[in-house]
Amino acid sequence: MDERIREHARTLVDWSARIEAGDDVVLSVAEGAHELAVAVAEELGERDANLVTLYGSSEVDRAYTRAHSGEFDEDPEYERALYEHADAVLRLGGGRNTTEGADVPAEKRQAKGRARQGIREARMDTDWVSTVHPTRALAQQAGMSYAEYQEFVYDAVLRDWEELADEMATMKELLDEGSEVRIVKEDTDLTMSIEGRTAVNSAASVAYDSHNLPSGEVFTAPHATEGEVFFDVPMTINSQRVRNVHLTFEDGEVVDFAAEQNEDAIAEVLDTDEGARRLGELGIGMNRGIDRFTDSILFDEKMGDTVHLAVGRAYESNFPEGSEGEANDSAVHVDMITDMSEDSRMEIDGEVVQRNGTFRWEDGFEG
């Protein structure tokens, strides 16, 4: 086995999920992630954790959802109970076809998402962490050779997370002390309130309220959003390639939208439920180990020089204790990314904290 796979597994189990002896762990394994699953299982065994392994397949999910009547039972108890009794859930992404669900009817996908909302909440109440094993399908989606993509993934995952956490603490402090964020670039002038929110220093560990590996972002839950924003980084949403998305906000909600390609995918997301038209997240990418876009939200949203916004569900970790019920609620959480590397700025309470992708504490910042 490639030693980088073993190191990935150790990072996931020790740094990210902080697994201890006796922890009840659910390991969800996607197609193509078998080698990483073997390495993770070995690490869990060495720590005397308890393990249940699930197999995840986009082909299986497609077959089931397409064949179903669309009247999904709400939160089946046998599935919900698994997560309610788990200490941690580790999700290993991979897959053989990144667009396998492209022909699943939108109304069935929406209905299934709404029916599984309680299960999703139970899973998110655990120490859950999502990561990805480099597969040939993901390499193809990223436009790379398999060997090149492996190097890319491990450069992003196997890094000094404590050092990055210290750097990102500066951005967290600015957001925690701020009241309003403004993003300005071509076709974008968007303001958001961050009053009363707590930013998360997402350093790839549950100890930081962070649940992705790799990570490398600072995120918060905006509200009272006004203006327009242009997302110029292509992405795949519900197995459909989407390009050049434009959203217009009034009184905190999306009132108009457009996309150059697969606009219907955006409409499907926004029509899921009432909360899908409000923002659930503002994220600022700070992982300089990610140096190119790969059409994978797990990586692309963490890239330095980017800002991402998610419509839909907000994370309760962005709300002070006692105010978690204020979090925007939705069956979806869909991230979209805008490139901040040129002719752009981000302000907090009128002060520029990032210009043309460079933060004010970095060399080359132009005030």
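Cut-off values and rules
Residues numbered from 1 in each chain as written. Predicted model: local features only at pLDDT ≥ 70, side-chain atom pairs only at ≥ 80, totals over all residues. Heavy atoms only, no water. Pairing = 2+ DSSP bridges. Helix = DSSP H or I, 4+ residues; strand = E, 2+ residues; numbered from the N terminus. Contact = heavy atoms within 4.5 Å. Axes fitted to C-alpha atoms, helices over the stretch in contact; angles between N-to-C directions. Salt bridge = Lys/Arg side-chain N within 4 Å of Asp/Glu carboxyl O. Buried < 20%, exposed > 50% of the residue type's maximum accessible area, 1.4 Å probe, protein only. Patch = residues over 30% accessible without salt bridge, like charges linked within 9 Å, V, L, I, M, F, W, Y side chains within 5 Å. Areas by Shrake-Rupley, 256 points an atom, 1.4 Å probe, with all protein chains shown as cover. Lys, Arg positive; Asp, Glu negative; His and termini not counted. Charge placed at Lys NZ, Arg CZ, Asp CG, Glu CD. Parallel < 35°, antiparallel > 145°, perpendicular 65-115°, else oblique. Left-handed = near helix turned anticlockwise from the far one by under 90°. Nonpolar A, V, L, I, M, F, W, Y, C, P; charged D, E, K, R; others polar.

Caption draft 1: Structural detail: the sheet that holds strand β1 (residues 24-30). Pairing in this open sheet of 5 strands is parallel, and the strands run β2-β1-β3-β4-β8 from one edge to the other. Each edge of the sheet is formed by a strand with only one pairing partner; in this case those strands are β2 (50-56) and β8 (212-213). Sheet topology places β1 next to strand β3 (residues 88-93); 5 bridges connect them, and they run parallel. Bridging from a neighbouring strand, V26 pairs with V89 of β3. Strands β1, β2, β3 and β4 (127-132) of the sheet are contacted by helix α2 (residues 34-46), whose axis makes an angle of about 170° with β1.

Caption draft 2: A look at the pattern of salt bridges. For the structure shown, the criterion picks out 33 salt bridges. A salt bridge links R47 to E43, with the shortest nitrogen-to-oxygen separation between them at 2.8 Å. Judged by relative accessible area, E43 falls into the buried class, the value being 7%. Each of D14, E43, E46 and R47 takes part in one network of salt bridges that share partners.

Caption draft 3: Highlighting the pairing of strand β5 (residues 180-185). Note: β5 against strand β6 (residues 188-193), 6 bridges, orientation antiparallel. Residue pairing across strands places V184 opposite D189, the latter belonging to β6. The hairpin formed by β5 and β6 contains 2 residues between the paired strands, and D187 there has a positive phi angle of roughly 65°. For β5 and strand β17 (residues 345-348), the ladder comprises 4 bridges, and the chain directions are antiparallel. Of the residues in β17, the one forming a bridge with V181 is I348.

Caption draft 4: Just a negative patch on the surface, in detail. Residues E226, E250, D251, D256, E263 and D264 make up a contiguous surface patch of negative charge. On the secondary structure map, D256 appears in strand β13 (residues 253-261). Residue D256 is classed as partly exposed on the basis of its relative accessible area of 46%.

Caption draft 5: Molecular detail of the packing of helix α1 (residues 3-16) against α2. At a minimum axis distance of 9 Å, the contact between α1 and α2 shows a crossing angle of 50°. Between α1 and α2, the interaxial angle falls into the category oblique. Here the hand of the crossing between α1 and α2 comes out right-handed. Residues I5, R6, H8, A9, R10, L12 and V13 of α1 form the contact with α2, whose own contacting residues are E35, L36, A39, V40, E42, E43 and L44. Of the residues that constitute the contact of α1 with α2, the class distribution is 8 nonpolar, 1 polar and 5 charged.

Caption draft 6: Summary view of the environment of P76. Here P76 lies in the loop between α3 (58-67) and α4 (77-84). Contact partners of P76, with chain neighbours within four places excluded, come to R116 and I119.

Caption draft 7: A look at the sheet that holds strand β16 (residues 333-339). The strand order β7-β9-β14-β15-β16 describes an open sheet built from 5 strands, whose pairing is antiparallel. Two strands in the sheet have a free side with no partner beyond their single neighbour: β7 (200-202) and β16. For this sheet, the mean angle separating the axes of adjacent strands, direction not counted, is 25°. With 4 bridges connecting them, strand β9 (residues 217-220) and strand β14 (residues 279-285) associate as antiparallel partners. From the neighbouring strand, T220 faces β14, where its bridge partner is L282.

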